Amino acid sequence: MSELVTLSKDGDIAVITINNPPVNALSPGVPEGIVASVQAAQKDGSVKGIVLVGGGRTFIAGADIKEFGKITSGQKDRNVGLHPVLQVMEDCPKPIVCAIHGTAFGGGLETAMACHYRVAVASAQVGQPECKLGIIPGAGGTQRLPRLAGVAVAAEMCAFGDPVPAPRALQAGIIDKIIDGDLVAGAVAYAREMAASGKPSRRARDLTGKISDPKVNEAALAAGRDAVKKRSRGLLAPRKAIDAVEAASRLPFDQGIAKEAELFKECLFSDQSKALIHVFFGERAVAKIPGISKDLPLIPIKRAAVVGGGTMGGGITMNYANAGIPVLFKEISQEALDKGLGIIKKNYAATVSKGRLTQEQMDQRMALIEPVLTYDKFEEADIIVEAVFEEMALKKRVFTELDKIARPDAILASNTSTLNIDEIASATSRPAQVIGHHFFSPANVMRVIEIVRGKQSSPRVIATSMALAKKLNKVGILVGNCRGFLGNRMFHHYQREAQFLLEEGATVEQVDAVLYDYGMAMGPLAVGDLAGLDVSWRIRKEFKHLDPPGIRVPLVSDQLCELGRYGQKTGAGWYRYEAGNRTPLPDPQVQKIIEQTAAKAGIKRRAISTEEILERTLYSLVNEGANILAEGIALRAVDIDMLYILGYGYPAYRGGPMWYADTVGLKKVYAKVCEFEKQHGSLWAPSPLLKELAESGKTFADFDKSKGE
Ligand code: T1G
């Protein structure tokens with residue numbers, strides 16, 4: 001046995017323990033160690049039964065995702081994978097009991113299902129999250145799961161990949177017993193009981209009861225395909241997962257395995273899978289901040305305070321309550337406070353009504369929120385988040401007040417979405433404690449926070465902010481201080497191109513449909529209506545003096561605002577909306593305004609192709625992203641990708657704007673940007689970094705590697 005897998009004995013029961021921290025992935029050496037241990041236990045006459053358990057904090061969390069890149073890049077041939085290992089286990093004449101704690105995910109659950117029995121602690125979870133990596137279970141999961149739990153459960157688990165808590169797994173037939181107390185002792189006792197029963201070991205592959213009714217199977221598969229259509233737009237793997245589960249319901253086991261292998265390979269070599277694996281590691285990579293040691297002592301965040309009880313302040317407050325952190329919630333009047341608290345209560349009640357929160361949990365979280373009208377208790381706060389109106393003078397006033405009452409080591413964070421964090425910090429005597437925590441709306445839902453470092457933000461405040469994001473179940477992305485920081489600075493270019501395309505001949509619906517079909521959650525104009533056209537209108541007016549003279553600016557959105565057409569909130573913006581309905585409806589009045597504006601500006605309208613809409617909008621993100629990288633506003637290209645996927649509805653299966661550009665080829669992107677510069681002027685001045693990478697045949701991924709990330 002290798003040190004990755006050890007074999008010990010508890011009386012007449014062999015215990016095989018996997019030790020491959022941090023998550024016991026099935027890295028090279030682990031499957032081999034399991035086989036060697038099972039064979040040794042099988043040969044040992046004194047052994048009556050076997051337990052397989054994970055050392056450390058979890059059972060096997062899956063195949064080693066790092067190995068896939070080696071297979072798809074041809075460095076490693078895709079051998080038959082785990083099947084020989086699972087075959088040895090399943091054919092072992094002595095009962096093998098899998099003992100599950102933590103997460104038995106992917107290959108972990110597949111290994112568990114090749115054992116004859118499965119026991120788990122109540123807090124354990126099982127799952128087949130492969131579809132989140134753009135693949136499907138590749139080691140029999142789509143064939144054994146239907147036999148243990150039926151087609152409906154298997155289709156849901158393999159197509160959507162959500163974790164299943166142990167009690168539900170017990171109900172479904174995936175596990176056999178919940179162990180209270182010591183897991184290994186419980187599993188050993190269960191193995192002994194199974195051995196003493198004298199019954200032949202039960203192999204999941206032999207079970208037929210739950211897949212024997214074709215009508216039930218057909219209905220479950222049809223429901224699964226419907227759900228995939230609704231929830232997995234544009235994704236390949238969920239559809240293929242259901243095809244594999246269907247094979248389990250129609251074919252003998254070995255033929256089903258062969259079908260699964262064929263579908264697995266198709267997904268593994270897809271662009272979507274490469275992009276989604278990039279996103280999996282990207283979400284973890286962005287937490288690594290060069291120059292800031294992960295052992296830096298953090299500021300303990302035990303109590304928080306939020307200033308400003310509007311939509312953002314309320315959502316931010318909920319994030320702290322959701323993380324179990326008591327939080328003061330301040331407004332300037334009882335009426336505003338009641339209104340803000342009402343929004344929070346309504347949000348929680350909606351989650352309870354959807355069954356995603358119990359009433360008791362809602363009450364517990366509400367009890368952590370203390371509404372206040374003064375700063376009286378603010379000296380207890382370890383962090384104070386300002387979420388007042390987006391206006392510099394007001395923010396500076398608030399920070400001056402906070403500077404007087406907050407504890408010296410308290411973090412003072414602003415939720416500003418575009419304003420200069422250094423200028424805000426200058427309103428205090430402690431700029432080292434000031435930082436931006438830019439939440440995305442709705443703050444209690446969106447999983448990303450732009451952590452905006454000021455010139456003087458201390459490493460400890462930065463490190464604490466990054467760790468706090470994870471505590472709030474968010475992804476913190478560290479960005480530099482500039483107009484619009486990372487996300488909105490790029491988004492300004494994307495929105496600008498979308499609106500120029502309208503003036504040049506495209507319709508509102510056409511631009512939005514092209515980006516929606518590309519995979520964006522919403523088209524750029526529908527997004528404007530959702531966020532409120534007045535928000536960007538106010539920012540444009542605040543920064544107008546900074547616009548270089550003579551530069552082309554969009555001509556229509558200001559007119560819509562002057563007409564009071566702010567978007568959904570006023571029932572009309574780029575689209576019109578029926579009362580109480582958020583469905584965007586084309587509005588001929590807007591089309592007329594666009595045509596009149598173009599005529600007045602001497603813009604000759606023309607038919608605009610889908611390709612041009614995609615290139616003008618998506619490459620404007622890439623070009624500005626490259627500028628942001630070169631200026632160090634973003635640490636890595638993957639940080640930009642993660643922010644766009646988590647904060648702007650960019651499709652994860654495209655990998656993010658920079659990853660997508662790599663898949664197109666930077667030479668091609670750069671050539672297009674140069675063409676657009678010729679046609680549309682200096683707004684399209686190619687980023688020097690894009691030029692450099694394109695001309696040297698490099699990618700943004702190479703850029704990240706060169707930064708040692
Ligand atoms: N392979 C390689 N590395 C992994 C890994 C994996 N499966 N899972 C986690 N890591 C790394 C992760 O990158 C991080 O590294 C560290 O472990 C801690 O992870 C054959 C083909 C288990 C719920 O998709 O969901 O099996 O940043 O920060 O928050 O059919 O990790 O420290 O350098 O996420 O406690 C299917 C993926 C694979 C599970 C733990 N399995 N992992 O969360 O820790 S495909 C998955 C997770 C497969 C089979 C198919 C989570 C977790 P670093 P972490 P965590």
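Residues numbered from 1 in each chain as written. Predicted model: local features only at pLDDT ≥ 70, side-chain atom pairs only at ≥ 80, totals over all residues. Heavy atoms only, no water.

## Focus: the overall build of the protein chain
Each helix and strand counted, the protein chain has 30 helices and 17 strands in total. A principal-axis box enclosing the C-alpha atoms of the protein chain has dimensions of 90 × 60 × 50 Å. Taken across its 709 residues, the protein chain has 54% of its residues classed as buried. Considering only contacts in the protein chain between residues 6 or more positions apart, those separated by 24 or more positions represent 73%. Accessible surface for the protein chain amounts to roughly 29600 Å². Of this, 57% is attributable to carbon and sulfur atoms. Taking the average location of the 87 positive side-chain charges in the protein chain and that of its 80 negative ones, the two points are 1 Å from each other. (Helix = DSSP H or I, 4+ residues; strand = E, 2+ residues; numbered from the N terminus. Buried < 20%, exposed > 50% of the residue type's maximum accessible area, 1.4 Å probe, protein only. Contact = heavy atoms within 4.5 Å. Areas by Shrake-Rupley, 256 points an atom, 1.4 Å probe, with all protein chains shown as cover. Lys, Arg positive; Asp, Glu negative; His and termini not counted. Charge placed at Lys NZ, Arg CZ, Asp CG, Glu CD.)

## Topic: the domain arrangement of the protein chain
Annotation of the protein chain at the domain level lists domain 1 (5-269), domain 2 (304-475), domain 3 (486-608) and domain 4 (611-634 + 651-709). On a C-alpha basis, the centroid separation for the pair domain 1 and domain 3 is 50 Å. (Domains from an automatic or database assignment.)

## Examining the pairing of strand β10 (residues 304-307)
Remark: a regular strand shows side chains that alternate across the two faces of the sheet. Alternating residues of β10 divide into Ala304 and Val306 and Ala305 and Val307, and every residue in both groups is buried. In this structure, β10 lies alongside strand β13 (residues 383-386), joined through four bridges in parallel fashion. Bridge pairing links Val307 to Glu386 in β13. Taken together, β10, helix α13 (residues 311-322) and strand β11 (residues 327-330) constitute a β-α-β crossover, and its handedness is right-handed. (Pairing = 2+ DSSP bridges. Right-handed = clockwise from strand over helix to strand, strands pointing away.)

## A word on the packing of aromatic side chains
A ring pair, where both rings are aromatic, is described by two values, the distance of the centres and the angle of the planes. The tally for this structure, following the rule as stated, stands at 11 aromatic pairs. Centre to centre, the rings of Tyr117 and Tyr190 are 5.9 Å apart; their planes meet at 65 degrees, and the pair counts as edge-to-face. You can see Tyr117 sitting in strand β6 (residues 117-120) and its partner Tyr190 sitting in helix α8 (residues 183-197), a full 73 residues away along the chain. Residue classification places Tyr117 among the buried residues on the basis of a relative accessible area of 7%. Aromatic side chains Trp537 and Tyr566 sit 6.1 Å apart centroid to centroid with 50 degrees between the ring planes, which places their arrangement in the tilted category. Pair noted here: Trp537 is in helix α22 (residues 533-543) and Tyr566 is in the loop between α23 (557-562) and α24 (588-600), with a separation of 29 residues, a long-range link. (Phe/Tyr/Trp six-rings, centres within 6.5 Å; stacked < 30°, edge-to-face > 60°.)

## Structural notes on unusual backbone geometry
Of note, the bond from Pro21 into Pro22 is cis; its omega dihedral lies within 30 degrees of zero at 5 degrees. With respect to the helices and strands, the residue Pro22 is situated in the loop between β2 (13-18) and α1 (30-43). Residue Ser441 is joined to Pro442 through a cis peptide bond whose omega torsion reads 0 degrees. Turning to its location among the elements, Pro442 is positioned in the loop between β15 (434-439) and β16 (448-452). Within the chain, Asn473 stands out as a residue other than glycine whose phi angle is a positive 60 degrees. Assignment of secondary structure puts Asn473 in the loop between α18 (459-471) and β17 (475-479). If you check the backbone angles, Phe485 has positive phi at about 50 degrees while not being a glycine. Among the structural elements, Phe485 can be located in the loop between β17 and α19 (487-504). Judged by relative accessible area, which is 0%, Phe485 ranks as buried.

## Thoughts on the site of the ligand
As a structural note, the neighbourhood of the ligand is formed by 28 residues, with Arg57, Ala63, Gly107, Glu110 and Gly138 the closest of them. One nitrogen or oxygen atom from the main chain of Ala63 is found 2.7 Å from an oxygen atom belonging to the ligand. A distance of 2.8 Å separates an oxygen atom of the ligand from a polar side-chain atom of Arg284. Calculation on the ligand without its partners gives an accessible area of 1000 Å², and the protein chains cover 77% of this total. Those elements that place two or more of their residues in the shell around the ligand are α2 (66-72), β5 (103-105), α4 (107-114) and α12 (271-285). Sort the elements by how many residues they give to the shell around the ligand and α12 lands first, with three residues. Among the residues making up the shell around the ligand, the classes are represented as 15 nonpolar, five polar and eight charged. (Near = heavy atom within 4 Å. Polar contact = N/O pair within 3.5 Å; in protein donor to acceptor, adjacent residues only side chain to side chain. Nonpolar A, V, L, I, M, F, W, Y, C, P; charged D, E, K, R; others polar.)

## What to know about the side chain of Asp512
Mapped onto the secondary structure, Asp512 falls in helix α20 (residues 508-518). Among buried charged residues, Asp512 stands out as having no salt bridge; its nearest opposite-charge side chain is Arg233, 11 Å away. (Salt bridge = Lys/Arg side-chain N within 4 Å of Asp/Glu carboxyl O.)

## Side note on the sheet that holds strand β12 (residues 369-372)
The strands making up a sheet associate through hydrogen bonds between their backbones, and the pairing can be parallel or antiparallel. Strand order in the open sheet formed by eight strands is β12-β11-β10-β13-β14-β15-β16-β17, with mixed pairing between adjacent strands. Both outer strands of the open sheet, β12 and β17, are each paired with one neighbouring strand and no more. Each strand axis lies, on average, 25 degrees off the axis of its neighbour in the sheet, ignoring direction. On top of the sheet, α13 reaches β10, β11, β12, β13 and β15; it is set at about 170 degrees to β11, its chief contact. (Axes fitted to C-alpha atoms, helices over the stretch in contact; angles between N-to-C directions.)

## Side note on helix α25 (residues 610-631)
A rise of 1.5 Å per residue sets the reference length of α25, with its 22 residues, at 32 Å; its end C-alpha atoms lie 32 Å apart and thus fit the reference within 8%. Of the residues one or two after α25, Gly632 is the one with positive phi, at around 80 degrees. (Expected span 1.5 Å × (residues − 1).)

## Considerations on the sheet that holds strand β8 (residues 164-165)
Spatial strand order, β5-β7-β8: three strands in an open sheet with mixed pairing. Across the chains shown, the open sheet's two edge strands, defined by having one partner strand only, are β5 and β8. Against the sheet, α4 engages β5 and β7 (125-127), with an angle of about 90 degrees to β5.

## Here's the deal with the pairing of strand β3 (residues 49-54)
In terms of burial, β3 is a largely internal element, six of the six residues being buried. Alternating positions in β3 separate into two faces, Gly49, Val51 and Val53 on one and Ile50, Leu52 and Gly54 on the other, with burial throughout. Both β2 and β3 contribute to a ladder of six bridges, which runs parallel. Opposite Ile18, over in β3, you have Gly54 as the bridge partner. Handedness of the β-α-β unit built from β2, α1 and β3 comes out right-handed.

## Overview of the packing of helix α5 (residues 141-149) against helix α10 (residues 237-250)
Their axes nearest at 8 Å, the elements α5 and α10 cross at an angle of 60 degrees. Considering their axes alone, α5 and α10 lie oblique with respect to each other. Where α5 crosses over α10, the handedness of that crossing is right-handed. Side by side, α5 and α10 meet where Thr142, Gln143, Pro146 and Arg147 of the first sit next to Ala241, Ala244, Val245, Ala247 and Ala248 of the second. (Parallel < 35°, antiparallel > 145°, perpendicular 65-115°, else oblique. Left-handed = near helix turned anticlockwise from the far one by under 90°.)

## Some words on the environment of Ser197
Mapping Ser197 onto the fold places it in helix α8. Given the relative accessible area of 34%, Ser197 is considered partly exposed. Spatially, the C-alpha atom of Ser197 lies 72 Å from that of Gly573, the residues being 376 residues apart in sequence. Polar side-chain contacts of Ser197 include one of 2.6 Å to the backbone oxygen of Met194.

## What to know about the pattern of salt bridges
Two side chains that carry opposite charge are able to pair once their charged atoms sit near each other. On inspection of all chains with the given rule, the structure shows 47 salt bridges. Note that Asp206 is salt-bridged to Arg203, the shortest N-O span being 2.7 Å. Owing to a relative accessible area of 24%, Arg203 belongs among the partly exposed residues under this scheme. Several salt bridges share partner residues, and in doing so they unite Arg496, Glu497, Glu503, Glu504, Arg552, Arg606, Glu612 and Arg616 into one network.

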